[in-house]
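Residues per chain, in single letters:
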Amino acid sequence: MKKTFILIWFLALSVIITSSSCSSDDDDSGSNTNATEILAIENTMESGNWRVTYFFDTDSEETSNYNSYNFSFDSDGTLTATNVTNTYTGTWSVTNSSSSSSSSDDIDFNILFSAPADFAELSDDWDIIAHTSTKIELTDVSGGNGGIDFLTFQKN
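Structure report, in brief.

Cut-offs used in this document
Residues numbered from 1 in each chain as written. Predicted model: local features only at pLDDT ≥ 70, side-chain atom pairs only at ≥ 80, totals over all residues. Heavy atoms only, no water. Core = buried A, V, L, I, M, F, W, Y, C linked by side-chain atoms within 4.5 Å. Buried < 20%, exposed > 50% of the residue type's maximum accessible area, 1.4 Å probe, protein only. Contact = heavy atoms within 4.5 Å. Phe/Tyr/Trp six-rings, centres within 6.5 Å; stacked < 30°, edge-to-face > 60°. Helix = DSSP H or I, 4+ residues; strand = E, 2+ residues; numbered from the N terminus. Patch = residues over 30% accessible without salt bridge, like charges linked within 9 Å, V, L, I, M, F, W, Y side chains within 5 Å. Areas by Shrake-Rupley, 256 points an atom, 1.4 Å probe, with all protein chains shown as cover. Salt bridge = Lys/Arg side-chain N within 4 Å of Asp/Glu carboxyl O. Pairing = 2+ DSSP bridges.

Describing the nonpolar core
Phase 1: Counting residues in each nonpolar core, the largest one holds 26 residues, and the members touching the most others are Phe71, Phe73, Phe109, Ile111, Leu122, Leu151 and Phe153.
Phase 2: In contact with isoleucine 111, not counting residues within four places along its chain, are Leu79, Thr91, Leu122, Ser123, Asp124, Trp126, Leu151 and Phe153.

Right under this line is the structure:
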């Protein structure tokens, strides 16, 4: 009887020790998923040149402002918009905007141009609607008036 009691006590202790020693990386699966998706988006954007195929700013479609421009997303975070006569530089990044969820809704596509005004309109922390190897669709709710903006880049 004493051997059975010791065996049960030993098994119970083993279960407690095993369950309390689980690694914390189990809890980080959401951020690991986002990290993998962020890396995939960065790699896609860094390959080749892109063009704006759709830009809707709150209440008007303004795609034509960017028709002649090619966009280059460099691995150092530099964003370059170039046409025959002009070159504008800015920055870009893809970031995890929330560590509490594994949803791709929590991944931001950040663009910052300081000038000119047409390119400054692209500056925002965009939410990713969808992305493939040749297209990324973005949206943002404007801070001041609550209007919704849409931006789509298509690979050349």
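Description of the packing of aromatic side chains
Phase 1: If you walk through the whole model with that rule in mind, you get 14 aromatic pairs.
Phase 2: A centroid spacing of 4.9 Å and a plane angle of 40 degrees characterise the contact between tyrosine 88 and phenylalanine 119, whose relative ring orientation is tilted. One end of the pair, tyrosine 88, is in strand E5 (residues 87-96); the other, phenylalanine 119, is in helix H3 (residues 117-120), and 31 residues separate them in sequence.
Phase 3: Looking at tyrosine 88, the relative accessible area reads 21%, which means it is partly exposed.

Overview of a nonpolar patch on the surface
Phase 1: Judged by side-chain polarity, Tyr54, Ile129, Val141, Ile148 and Phe150 come together as a nonpolar surface patch covering roughly 420 Å² of accessible area.
Phase 2: Considering the arrangement of structural elements, one finds valine 141 in strand E8 (residues 135-141).

Let's talk about the pairing of strand E1 (residues 49-57)
Phase 1: Direction of pairing for E1 relative to strand E3 (residues 70-73): antiparallel, over a ladder of two bridges. Directly across from tryptophan 50, in E3, lies its bridge partner phenylalanine 71.
Phase 2: Across six bridges, E1 lies against strand E9 (residues 148-155) in antiparallel orientation. For tryptophan 50, the partnering residue across the bridge sits in E9 and is lysine 155.
Phase 3: The pairing of E1 with strand E2 (residues 60-61) spans two bridges and is classified as antiparallel. Counterpart to phenylalanine 56 in the pairing with E2 is glutamate 61.
Phase 4: Counting the residues that bridge the hairpin from E1 to E2 gives two residues, and of these threonine 58 lies at a positive phi of roughly 60 degrees.

Keep in mind that these numbers describe shape and distance, not what the molecule does.
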